[in-house]
Amino acid sequence: MTRLAYVGVGLAMLWLQVSLAPYLAIGGIKPNFLLLSVLVLQVRWLDPWAFLFAAVAGLAVDTFSHGMLGAYAASYVATAVLGRRLALMIYENSRPFTVLLVAGLTVLEGLIALAVLNLLDEQVPWFTWLFTRVLPQAAYHALLCPFALWGVERLERLLKVVPPRS
Amino acid sequence: MELLKRYRIYISLFVVLLALIGVLNARASDPTRLRVVDEVLQAIVYPFEVSFHKVSGGISALFSRYVYLVNLKQENEQLKLQVQALQEQVNHDINSAIQFDVLREQLQFMEEPPEGKVFAEVIGESLDNLHQVLLINKGSLAGIRRNFPVILREGVVGRIQSVTALQAVVQLMVDRRHRFPVLVERSREKMTGRGDGSGIEMLAQDRGIVYGTGQELRMTRIRMLADVQPGDRVITSGLGGVFPKGLLVGTVTKISRERHELFQTAEIRPAVDFRKIEGVFVVVKDRTDGSHPLFSGP
């Protein structure tokens, strides 16, 4: 049932990202609903299927951004793996901790993505993008994380999923 | 006397009628005569007229303000609804008028060279914050191929980054990965105007490479002696094999010259406002892939 939930959440987040995210841009920074859902689901459920979800979400973002398939997919999967390790080591089932973890993982994903894009010869302006794109997006995700958690909790009740660390 | 007394009413009536006929006859022959009679009559009637007007006005107001108020609230609500509907209609009409102007301009532009333009609507934008791309609702079925130029009446928008059957991704020219050769319109025209055809001057056309910075454009590789000034218009040179020659790219806003460097750098404000793009034209010349040049140089 959770696998179907990944499909549903993925499609819903893709639709939100295409239709709603441009209107939520603050200073040119859009929230990334796909990444947010990947991180929140991984931290909450610690499910190996989340890696596949991360890869597919990353491919979708690749398709509708720079067009080089695999760059964001790799960074999303790497972040999901690190997020799972971090959650297994230090996870505390509280909202503030989850918000902090999601914000930190967003920064991590941004750094990995910049590294991958740099490898692909995009001449990435590291510090400029880190301070003007990655960190503001992490702050944005921290603001949206409570809403995402609320949605995931509703989904857990609906699907009768018991998070492993609850 | 007895007879006069008996028929006094009829006699009075007859006299009055005679007097009226006399007055009518007098006014008919000369309208200015007997004005005194008018003035006297008006002076007598005026107080009655005023008092009647006030009383009748008061009664009328009483009815209109209090008695007829029974349906006023309902009528007011109906009128509010009508005003709202009319306001919506006005807004719709204004929007339609703006859209009509935009579409008329686009239609006129459609008929201008270069030929073979396909109009596509913008249906999305980049999912990430690092790249500047647009998603359009026309793809390979409309003849669009990778690297085809995307333009607007105002100037260059970008190029086709990837294409599927029904949609395509446009890489905007302000995207950091975008680089293309350009030349400065004014200095080119000046050189053509001289007409001396000296080889050195012709080779020294003010060219450069424009690349996106994410927000705007920067032109590099401009030779140090080039005559480039703020306000100069920058156009495509046609040498890159993607854009036809002569499309407006933007306007120079700032020049940076360092004595120790070989080239100057210019900041360029794009001619197109990328935040307001709703539709674009894709220049479709043939069905070859964009790896081959679509247009010759000059």
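Figured I'd write up the structure that's included with this text. (Residues numbered from 1 in each chain as written. Chains lettered and ligands numbered in written order. Predicted model: local features only at pLDDT ≥ 70, side-chain atom pairs only at ≥ 80, totals over all residues. Heavy atoms only, no water.)

Before going further, it helps to examine the packing of aromatic side chains. Residues and elements named next belong to chain A. Tallied over the entire structure, the rule returns 6 aromatic pairs over all chains. Note on Tyr6 and Phe53: the rings are 5.3 Å apart at their centroids and 40° apart in plane angle, and the pair reads as tilted. Residue Tyr6 is located in helix H1 (residues 2–19), and its partner Phe53 is located in helix H3 (residues 49–63); the two are separated by 47 residues in the primary sequence. Note on Tyr6: relative accessible area 6%, which makes it buried. Three or more aromatic residues joined by ring pairs form one cluster here, namely Tyr6, Trp45 and Phe53. (Phe/Tyr/Trp six-rings, centres within 6.5 Å; stacked < 30°, edge-to-face > 60°. Helix = DSSP H or I, 4+ residues; strand = E, 2+ residues; numbered from the N terminus. Buried < 20%, exposed > 50% of the residue type's maximum accessible area, 1.4 Å probe, protein only.)

Next up on the list: the interface of chain A and chain B. With 26 residues of chain A in contact, the opposing surface of chain B contributes 17 residues. When the area that chain A buries against chain B is broken down by residue, the three leading residues are Lys30, Phe64 and Arg133 of chain A, summing to 32%. On inspection of chain A and its partner chain B, the count reaches 1 salt bridge. With a shortest N-O distance of 3.1 Å, Glu125 of chain B and Lys30 of chain A are connected by a salt bridge. Taken together, chain A and chain B are joined by 9 residue pairs in polar contact (both at pLDDT 80 or more). Secondary-structure elements contributing two or more residues to the side of chain A that touches chain B are H1, H3, helix H5 (95–119) and helix H6 (126–159) of chain A. (Contact = heavy atoms within 4.5 Å. Buried area = accessible area lost by both parts, 1.4 Å probe. Salt bridge = Lys/Arg side-chain N within 4 Å of Asp/Glu carboxyl O. Polar contact = N/O pair within 3.5 Å; in protein donor to acceptor, adjacent residues only side chain to side chain.)

Moving on to the layout of surface pockets. Any space left empty among the atoms is revealed by the rolling of a water-sized probe across them. Each pocket or cavity is described by its volume, and for the largest pocket that value is around 1200 Å³. Around the largest pocket, the lining comprises 40 residues; the ones closest to its centre are Lys30 of chain A together with Glu125, Leu172, Phe274 and Arg275 of chain B. Listed by contribution, the elements that provide at least two residues to the lining of the largest pocket are H1 and H6 of chain A together with strand E1 (117–125), strand E2 (133–136) and strand E11 (263–270) of chain B. When its residues are assigned to classes, the lining of the largest pocket shows 17 nonpolar, 13 polar and 10 charged. By volume, the second largest pocket is sized at about 560 Å³. The wall of the second largest pocket is formed by 19 residues, among which Val102, Gln106, Lys276, Glu278 and Gly279 of chain B lie closest to the centre. Top contributing element to the lining of the second largest pocket by residue count: helix H4 (residues 72–110) of chain B, with 7 residues. Class assignment of the residues belonging to the lining of the second largest pocket gives a composition of 8 nonpolar, 4 polar and 7 charged. Summarising the domain contributions, the lining of the second largest pocket has at least three residues from each of domain 1 (67–109) and domain 2 (115–298) of chain B. (1 Å grid on protein atoms, 1.4 Å probe; cavity = no way out; pocket = protein on both sides within 12 Å on 5 of 7 lines; lining within 4 Å. Points joined across faces, edges and corners; volume = space filled by probe spheres on them. Nonpolar A, V, L, I, M, F, W, Y, C, P; charged D, E, K, R; others polar. Domains from an automatic or database assignment.)

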